[in-house]
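Below are the chains, spelled out letter by letter.
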Amino acid sequence: MADPCNLAPYAAHDSTTRGRVHSEKQPRYRSAFQRDRDRIVHSTAFRRLEYKTQVFVNHEGDLYRTRLTHSIEVAQISRSIARTLHLNEDLTEAIALAHDLGHTPFGHAGQDALNRCMKPYGGFEHNLQSLRVVDHLEEKYAQFSGLNLTFESREGILKHCSHTNARLVGDVGERFLNQTQPSLEAQLVNLADQIAYNNHDVDDGLRAGLITTDQLSEIHLFREQYETVVELYPQLNQRRIIHEVVRRMINRLVIDLVESSQNLLATSKPESIDEVRQQAHPLICFSEEQEILNRKLKQFLREKLYRHYRVMRMTIKAERILTELFETFLSEPRLLPDEPYSLTIEQPIAERARVISDYIAGMTDRYALSEHQKIFSPPTPTV
Ligand code: MG
């Protein structure tokens, strides 16, 4: 349990939580945020993250990151920073483990395809879907649907939101309309997410042979660490060099984030989480110099990795698979399994589309592939 004596006044405290939608007794030996984290770990959506793509499709290899390992890495980075800044480690862990629960199969390709399909029916945002999972879609508890998480965990999960959707989600949507900030724990996880994916995409991209250390030498963030490691350990094999470089890059980013945030906190001196929320700008941030370097790395990854022809081939396939599944289920809901089907009966088309979107978003990569095959591919005849 985060020791309340170690928490800064501007951290999230159990005693000042804005509570849960359905009120519950405090757990006896855990904090409210530990309970949130535990509910997330025991959810079905969390287990499915193991078989969902980050950049590489799940069956391409056992060594690449999945949404599950990504979420664990985000939690690790978030907790280290939270402890240093005297923020609530339990809350950052809960937010980090839940932040990608709403992701479709096949990463961003899946999200874009589902959003296009859902355009006439309110669209699809993976971030909003993560909130929908913890607020409504998990069905495990006797007294409520969803996980009934605290306001602070839900606030951290919803990191972006359009104005239209912000009006539909109640209290956690208000900050997008009022232009206020979320807790420092939420701000922190958002940046820890970036640290994790930029660095592990470098690692996975190199491992897959889609990018090379030569190409990456254009990028200051990489080159600086690469040159140091090669000079210090000239005999080291390439795999270990890369790991050593990536861990040093993560370390550098974490230190920059901690020190820049400490400076900002020392200047603005918020006295409570509510004062944090009233600030015009986030108080957890990288230095300006680091931001520029980060942007260069992101741009490199966008051009050289995410748009690599081998990744694009999978992207196009993924979009087609999800679009065909959606269109087919919408025009013929009887092809759905019993439970989603029962929710579509006598419903207007927008409601039907939402049930199908929830069903597809919940699929793992391999389940989506197998459903597609069952519906569209003729069986292989045995002679
Ligand atoms: Mg993420």
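Look a little higher up for the structure.
Summary of the structure given here. (Residues numbered from 1 in each chain as written. Predicted model: local features only at pLDDT ≥ 70, side-chain atom pairs only at ≥ 80, totals over all residues. Heavy atoms only, no water.)

## Points about the overall build of the protein chain
Then comes step 1: Regarding its fold elements, the protein chain presents 19 helices and zero strands.
Then comes step 2: A globule of 383 residues ought to have a C-alpha radius of gyration of about 21 Å, and the protein chain, at 22 Å, matches this closely.
Then comes step 3: On the principal axes, the C-alpha backbone points of the protein chain span a range of 65 × 55 × 35 Å.
Then comes step 4: The burial tally for the protein chain puts 54% of its 383 residues in the buried class.
Then comes step 5: Long-range contacts, defined as pairs at least 24 residues apart, comprise 71% of the intrachain contacts of the protein chain with a sequence gap of at least 6.
Then comes step 6: Accessible surface, the protein chain as shown: approximately 18900 Å² in total, 50% of it carbon and sulfur.
Then comes step 7: Across the protein chain, the 47 positively charged side chains and the 53 negatively charged ones have centroids separated by 2 Å. (Helix = DSSP H or I, 4+ residues; strand = E, 2+ residues; numbered from the N terminus. Rg over C-alpha atoms; globule rule 2.2 N^0.38 Å. Buried < 20%, exposed > 50% of the residue type's maximum accessible area, 1.4 Å probe, protein only. Contact = heavy atoms within 4.5 Å. Areas by Shrake-Rupley, 256 points an atom, 1.4 Å probe, with all protein chains shown as cover. Lys, Arg positive; Asp, Glu negative; His and termini not counted. Charge placed at Lys NZ, Arg CZ, Asp CG, Glu CD.)

## Some remarks on the packing of aromatic side chains
Then comes step 1: As enumerated under the stated definition, the model contains four aromatic pairs in all.
Then comes step 2: Look at Y141 and F144: their rings are 5.3 Å apart centre to centre, the planes differ by 20°, and that puts the pair in the stacked class.
Then comes step 3: Ring centres 5.4 Å apart and planes at 20° place the aromatic pair F222 and Y226 in the stacked group. Taken together, the residues F222 and Y226, both in helix α12 (residues 220-232) and four residues apart, mark about one turn of the helix. With respect to burial, F222 and Y226 carry one shared label: buried.
Then comes step 4: Over the face of the ring belonging to Y141 we find R39, whose NZ or CZ atom lies 4.9 Å from the ring centre. (Phe/Tyr/Trp six-rings, centres within 6.5 Å; stacked < 30°, edge-to-face > 60°. Lys NZ or Arg CZ within 6 Å of the ring centre and 35° of its normal.)

## A few points about the packing of helix α3 (residues 67-84) against helix α13 (residues 238-268)
Then comes step 1: Between α3 and α13, whose axes approach to 11 Å, the crossing angle comes to 35°. Helix-helix and strand crossings are classified by hand; for α3 and α13 the assignment is right-handed. Only I250, V254, L257, V258 and Q262 of α13 make contact with α3, whose side of the interface consists of I77, I81 and T84.
Then comes step 2: Here the contact of α3 with α13 is built from residues that sort into six nonpolar, two polar and no charged. (Axes fitted to C-alpha atoms, helices over the stretch in contact; angles between N-to-C directions. Left-handed = near helix turned anticlockwise from the far one by under 90°. Nonpolar A, V, L, I, M, F, W, Y, C, P; charged D, E, K, R; others polar.)

## Focus on the pattern of salt bridges
Then comes step 1: All told, the structure shown has 29 salt bridges when counted by the stated rule.
Then comes step 2: Here E319 ties to R116 by a salt bridge, and the two come within 3.4 Å at their closest N and O atoms. Pair noted here: E319 is in helix α16 (residues 309-331) and R116 is in helix α5 (residues 107-118), with a separation of 203 residues, a long-range link.
Then comes step 3: According to the relative accessible area criterion, E319 is buried, its value standing at 19%.
Then comes step 4: R239 is paired through a salt bridge with D203; the nearest N and O atoms lie 2.5 Å apart. Of this pair, R239 sits in helix α13 while D203 is found in helix α10 (residues 184-207), placing the two residues 36 residues apart along the sequence. (Salt bridge = Lys/Arg side-chain N within 4 Å of Asp/Glu carboxyl O.)

## Re the packing of α5 against α16
Then comes step 1: Where α5 meets α16, the axes come as close as 8 Å, and the angle between the chain directions of the two elements is 35°. In the packing of α5 onto α16, the handedness of the crossing is right-handed. Along its contact with α5, which presents A109, G110, D112, A113, L114, R116, C117 and M118, the element α16 presents T315, A318, E319, L322, T323 and F326.

## Structural notes on unusual backbone geometry
Then comes step 1: Residues other than glycine seldom take positive phi values, yet F106 does so here, at roughly 65°.
Then comes step 2: Here F106 lies in the loop between α4 (89-98) and α5.
Then comes step 3: Given the relative accessible area of 4%, F106 is considered buried.
Then comes step 4: The backbone phi angle of K269 is positive, close to 40°, even though this residue is not glycine.
Then comes step 5: Relative to the assigned elements, K269 resides in the loop between α13 and α14 (273-277).
Then comes step 6: Given a relative accessible area of 56%, K269 falls into the exposed group.

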